[in-house]
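# A structural walkthrough
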Amino acid sequence: MQTNLADFIRDTPQGQEADSILRACVHCGFCNATCPTYQLLGDELDGPRGRIYQIKSVLEGAPVTEETRDHLDRCLTCRSCESTCPSGVQYGRLVDIGREVVEAKVPRSLPARVLRWLLRQVLPHPARFAFLLGLGRLFRPLLPRVLKDAVPLARPAGTWPAPRHPRRIVIAGGCVQPSLAPDIDSAAARVLDAIGISAESVSIGCCGAVSYHLNAQAEGLDTARLAIDRLCAALDAGAESIVVSASGCASFVVEYAHHLSGDPAYAVKATQVTSALIDLTSLLSREAAAFDRALAHSLARSPAKPEAIAFHSPCTLQHGMKNKGNVERLLTVAGFRTTVVADSHLCCGSAGTYSILQPALSATLKANKLAALEAGGPSRIATANIGCLTHLAGGAKRPVEHWIELIAERLGV
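## Here's the deal with the overall build of the chain
Counting its regular elements, the chain contains 25 helices and 7 strands. Relative to the globule expectation of 22 Å for 413 residues, the C-alpha radius of gyration of the chain, 21 Å, shows essentially globular dimensions. Along the first, second and third principal axes, the C-alpha set of the chain runs to 70 × 45 × 45 Å. Residues classed as buried in the chain amount to 54% of the 413 residues present. The long-range share in the chain, meaning contacts at least 24 apart out of those at least 6 apart in sequence, stands at 73%. Summing over all exposed atoms, the chain offers an accessible surface of approximately 17700 Å²; the carbon and sulfur share of this is 58%.

## Brief notes about the sheet that holds strand β1 (residues 168-173)
Strand order in the open sheet made by the 3 strands is β2-β1-β3, with parallel pairing throughout. If you trace the sheet from one side to the other, it starts and ends with β2 (198-203) and β3 (242-243), each paired once. Judged from the 6 bridges that link them, β1 and β2 form a sheet pairing that is parallel. Directly across from G173, in β2, lies its bridge partner S203.

## A closer look at the packing of aromatic side chains
For any pair of aromatic rings, the description rests on two quantities: the centre-to-centre distance and the angle between the ring planes. Going through the model one piece at a time under the given rule, you end up with 2 aromatic pairs. Ring geometry for Y212 against F252: centres 5.4 Å apart, planes inclined by 55 degrees, an arrangement best described as tilted. A residue pair is termed long-range when its members are at least 10 positions apart, and Y212 in helix α13 (residues 209-213) and F252 in helix α15 (residues 247-253) qualify at 40 residues. Like Y212, the residue F252 is buried in the burial classification.

## Some words on the sheet that holds strand β5 (residues 336-338)
In space, the 4 strands of this open sheet follow the order β5-β4-β6-β7, with parallel pairing throughout. Each having just a single partner strand, β5 and β7 (400-402) make up the two edges of the open sheet. For this sheet, the mean angle separating the axes of adjacent strands, direction not counted, is 40 degrees. Summarising the sheet, strand β4 (residues 307-311) and strand β6 (residues 380-383) pair through 3 bridges and their orientation is parallel. Bridge pairing in β6 links I309 to R380. Against the sheet, helix α21 (residues 326-333) contacts β4 and β5, and its axis sits at roughly 145 degrees relative to β5.

## Points about the packing of helix α2 (residues 13-24) against helix α7 (residues 91-105)
Where α2 meets α7, the closest approach of the two axes is 10 Å, and the angle between their N-to-C directions is 135 degrees. For the element pair α2 / α7, the angle class is oblique. By crossing handedness, the relation of α2 to α7 is classed as left-handed. Only R93, L94 and I97 of α7 make contact with α2, whose side of the interface consists of Q14, E17, A18, I21 and L22. Grouping the constituent residues of the contact of α2 with α7 by class yields 5 nonpolar, 1 polar and 2 charged.

## Details of a nonpolar patch on the surface
On the surface, F131, L132, L135, L138, F139 and L142 cluster together into a nonpolar patch covering about 660 Å² of accessible area. Locating F131 in the fold gives a position in helix α9 (residues 126-138).

## Digging into the packing of α21 against helix α25 (residues 403-411)
In helix packing, the relevant descriptors are the interaxial angle and the interaxial distance, both defined with respect to the helix axes. At a minimum axis distance of 10 Å, the contact between α21 and α25 shows a crossing angle of 20 degrees. One way to sum up the angle between α21 and α25 is to call them roughly parallel. Viewed along their axes, α21 and α25 form a crossing whose handedness is left-handed. On α25, the residues touching V327, L330 and L331 of α21 are W403, L406 and I407. By residue class, the composition of the contact of α21 with α25 is 6 nonpolar, no polar and no charged.

## Let's talk about unusual backbone geometry
Here the phi dihedral of H27 falls at roughly 40 degrees; this positive angle occurs in a residue that is not glycine. One can find H27 in the loop between α2 and α3 (36-41). At T77, a position not held by glycine, the phi torsion is positive, near 55 degrees. By relative accessible area, T77 is classed as partly exposed at 22%.

## Topic: the state of the cysteines
The tally for this structure, following the rule as stated, stands at 0 disulfides. Not part of a disulfide, C207 finds its nearest cysteine sulfur in C249, a span of 4.3 Å. The thiol of C315 is not disulfide-bonded; the next cysteine sulfur, from C347, is found 3.8 Å away.

## A closer look at the confidence of the model for the chain
Scored by pLDDT, the chain comes out at a mean of 94, with 100% of its residues at no less than 70. Within the chain, no element has a lower average pLDDT than helix α10 (residues 145-148), which sits at 76, and none a higher one than β6, at 98.

## Examining empty space enclosed by the protein
In this structure the tally under the stated criterion is 4 cavities of 30 Å³ or more. When its volume is computed, the largest cavity comes out at roughly 130 Å³. Residue lining of the largest cavity: 15 residues in total, with C25, C31, I52, C85 and V89 positioned closest to the centre. Every element with two or more residues in the lining of the largest cavity is listed here: α4 (48-59) and α6 (80-84). Split into classes, the residues belonging to the lining of the largest cavity amount to 10 nonpolar, 3 polar and 2 charged.

Definitions and limits used
- Residues numbered from 1 in each chain as written.
- Predicted model: local features only at pLDDT ≥ 70, side-chain atom pairs only at ≥ 80, totals over all residues.
- Heavy atoms only, no water.
- Helix = DSSP H or I, 4+ residues; strand = E, 2+ residues; numbered from the N terminus.
- Rg over C-alpha atoms; globule rule 2.2 N^0.38 Å.
- Buried < 20%, exposed > 50% of the residue type's maximum accessible area, 1.4 Å probe, protein only.
- Contact = heavy atoms within 4.5 Å.
- Areas by Shrake-Rupley, 256 points an atom, 1.4 Å probe, with all protein chains shown as cover.
- Pairing = 2+ DSSP bridges.
- Phe/Tyr/Trp six-rings, centres within 6.5 Å; stacked < 30°, edge-to-face > 60°.
- Axes fitted to C-alpha atoms, helices over the stretch in contact; angles between N-to-C directions.
- Parallel < 35°, antiparallel > 145°, perpendicular 65-115°, else oblique.
- Left-handed = near helix turned anticlockwise from the far one by under 90°.
- Nonpolar A, V, L, I, M, F, W, Y, C, P; charged D, E, K, R; others polar.
- Patch = residues over 30% accessible without salt bridge, like charges linked within 9 Å, V, L, I, M, F, W, Y side chains within 5 Å.
- Salt bridge = Lys/Arg side-chain N within 4 Å of Asp/Glu carboxyl O.
- Disulfide = S-S within 2.5 Å.
- pLDDT = per-residue confidence, 0-100.
- 1 Å grid on protein atoms, 1.4 Å probe; cavity = no way out; pocket = protein on both sides within 12 Å on 5 of 7 lines; lining within 4 Å.
- Points joined across faces, edges and corners; volume = space filled by probe spheres on them.

And the structure:
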């Protein structure tokens, strides 16, 4: 695709990156076939190819309208189009650049700005979120059904094993997961303990993704810098790697080195964190011998009953981190039977704050996803991201859990 970027952005780092991404696009349209919003709305401007053209026009100096902003707002940033694209177009990075420019040129209404400000003041702050969630749970019986589904019941925290192994890793605690589902990280720590690795919890608060994807990108990167400082301290103290159990957070942490490459104070530290990050599936696969021994020992004591599990692979896992099929393989190794899920590449509609900002589209995507997940008659639904877990649980007929909780259960820990 030929480009002629306007003077205001041509020679900036964002402009140079956008120009490179735009030139990679051959406007073939394969991306539209796997775009959730294009499938629902059937509008070229609500598909990746149309959004790319809109961003290109904006960066070339064309007038920006509220309609342009609305089309970009409706994008889930699921990055399914990236998995489909034969040219390797980095659409996720391009849409971040386009949204930042559009946000500056077309101010939102006061109510819209207030809502986004409130989301940034609550979700990235664990204590504030926990307090408000507690209030919601207290008054949950009095809430109408639609609000009641948005306030999940409390889940048990589980036990965290005491450190006892020479090898240590860090499990980064995020912003909403410790309140919504505290046993996820505890279960990960117990699984790692069973294979000879001690896990230390390091609370980083928000990884920065919430603010960054709400177009407060400078604020998001400041939040990321705080997380980097805490994680680097743990690495310097001897931890061998970093685990982030929520794929939505992990997919942002893995891009720290890219986002902060131009920051002389944080470029090296961001690369250190990104290099130390390891996905739980990769870690368990790397420690396959120890995992198999622990599993065999557990099953010898208490044979597992066959159980069908439907796995929802979050977009951040399969499209963002390019990690597809590994969770299903580990669940199979652990004795579960994973059901076939139609259109497994499509988003569930959670997408960070999307379910709040685009409730109608999000609800349709959730209904479609739950129908696909429940079609195979599973006893439970598993996923890899706290946002997807909470979103789906607010309408599922079956329990929704993180896959590492199922593995911990099979290991008897």
